Amino acid sequence: MSASKLVKPAIEFKQSYLEALEEFHAEGRYEFIKLDDIKANFPAFVEDLNGGRRHLHKPFSDWAEPVPETALWMVKDREFIGSFIIRHRLNWHLEKWGGHVSFVIRPSMRGKGFGNKLLQKGMPFVSYLGIDRALITVDPKNTPAIKVIEFCGGQYQDETPKTEQFPARKRFWLDCS
Ligand SMILES: CC(C)(COP(=O)(O)OP(=O)(O)OC[C@H]1O[C@@H](n2cnc3c(N)ncnc32)[C@H](O)[C@@H]1OP(=O)(O)O)[C@@H](O)C(=O)NCCC(=O)NCCS
């Protein structure tokens, strides 16, 4: 059994990534990533993720300024466990709702300590990109995520109010120095 680690997205994790995507879809997440499309051309999907563009912003891409992203995958025993996305800077949308960092553990692997490990292991990459303080935003009712952020030293700032288009978000800052 190997330790979990963060790696660049790679085609060797295809099978477990596809299984994880089905789990994400079942909870209504990442529905804009079409299973059949990436199943048919997984290398292109991976190449695209490694290209540093703004894939996971797709629902907002028509009206928010594009921001370069770095995508990392948490893997263990050669299986995909979760994703860690770093936005290299904030735009007006990320400042209030998206933050610098987002992280997700596949549903079947939650509650086993991987969330804490993912943020802990991801922060040095955030720092490496030159970000001194990282903003993380979270649904006020998302207790597991808030616990992970606080476990990693996140400092609460405020709560962005709900708007017609966007839900309320608690904002936390993590010192990367
Ligand atoms: C948030 C998330 C990454 C946590 O991952 P995880 O692997 O379940 O987290 P862990 O197992 O490391 O648990 C972290 C803490 O949350 C607690 N926790 C986990 N699931 C919980 C639940 N359903 N209810 C309450 N607390 C919970 C754990 O007990 C732990 O607390 P502790 O450190 O005080 O013991 C995961 O729930 C997820 O992917 N959620 C969807 C995406 C998301 O919300 N991302 C964060 C915002 S960007």
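Shown above is the structure to which this text applies.
A few points on the structure. Residue numbers run consecutively from 1 along every chain, following the written order of its sequence. Totals for whole chains, interfaces and linings use every residue, but because this is a predicted model, local features are given only for residues with pLDDT of at least 70 and side-chain atom pairs only at 80 or more, for both listing and counting. The side-chain values count all of the structure's non-hydrogen atoms but skip hydrogen atoms and water molecules.

1. Remarks on the overall build of the chain
What counts here: Numbering of helices and strands runs from the N terminus, with a helix taken as a DSSP run of H or I at least four residues long and a strand as a DSSP run of E at least two residues long. In this description the radius of gyration comes from C-alpha coordinates, and the expected globular size is given by 2.2 Å times residues to the power 0.38. Throughout this description, buried means an accessible area under 20% of the type-specific maximum (1.4 Å probe, protein chains only), exposed means over 50%, and partly exposed covers the range between. When checking whether two residues touch, look at their non-hydrogen atoms; a contact exists if any pair is within 4.5 Å.
Across its full length, the chain holds 6 helices and 7 strands. Each helix and strand of the chain, placed in order from N terminus to C terminus, yields the pattern β-α-α-α-β-β-α-β-α-β-α-β-β. The C-alpha radius of gyration computed for the chain amounts to 16 Å, which stays within 12% of the reference 16 Å derived for 177 residues, consistent with globular compactness. Across the 177 residues in the chain, those meeting the buried criterion constitute 45%. Considering only intrachain contacts with a sequence separation of at least 6, the fraction spanning at least 24 residues in the chain is 61%.

2. Focus on the sheet that holds strand S6 (residues 155–160)
Heads up, the condition is: Think of it this way: DSSP has to see at least two bridges between two strands before they count as a pair. Each axis is a line fitted through C-alpha atoms, taken for helices only over the stretch in contact, and angles between the N-to-C directions span 0 to 180 degrees.
In space, the 3 strands of this open sheet follow the order S5-S7-S6, with antiparallel pairing throughout. Of all the strands in the sheet, just strand S5 (133–138) and S6 have a single pairing partner and so form its edges. Across this sheet, the average inter-strand angle for adjacent strands is 25°, counted without regard to direction. Pairing of S6 with strand S7 (residues 169–175) involves 5 bridges; the strand directions are antiparallel. Across the sheet, Glu159 pairs through a bridge with Lys170, a residue of S7. Against the sheet, helix H6 (residues 143–151) contacts S5 and S7, and its axis sits at roughly 20° relative to S7.

3. Topic: a negative patch on the surface
Condition: Patch building starts from residues that exceed 30% relative accessible area and form no salt bridge, then joins like charges within 9 Å and nonpolar side chains (Val, Leu, Ile, Met, Phe, Trp, Tyr) within 5 Å. Areas reported here follow the Shrake-Rupley algorithm with a probe of radius 1.4 Å; residue values treat only the protein chains shown as occluding. We define a salt bridge as a side-chain nitrogen of Lys or Arg found within 4 Å of a carboxyl oxygen belonging to Asp or Glu. Neither His nor the chain ends contribute to the count of charged residues, in which Lys and Arg are positive and Asp and Glu negative. Taken as the charge centre is NZ of Lys, CZ of Arg, CG of Asp or CD of Glu, depending on the residue.
Where like charges cluster on the molecular surface, the negative patch consists of Glu19, Glu22, Asp77 and Glu79. Mapped onto the elements, Glu22 comes out in helix H1 (residues 14–26).

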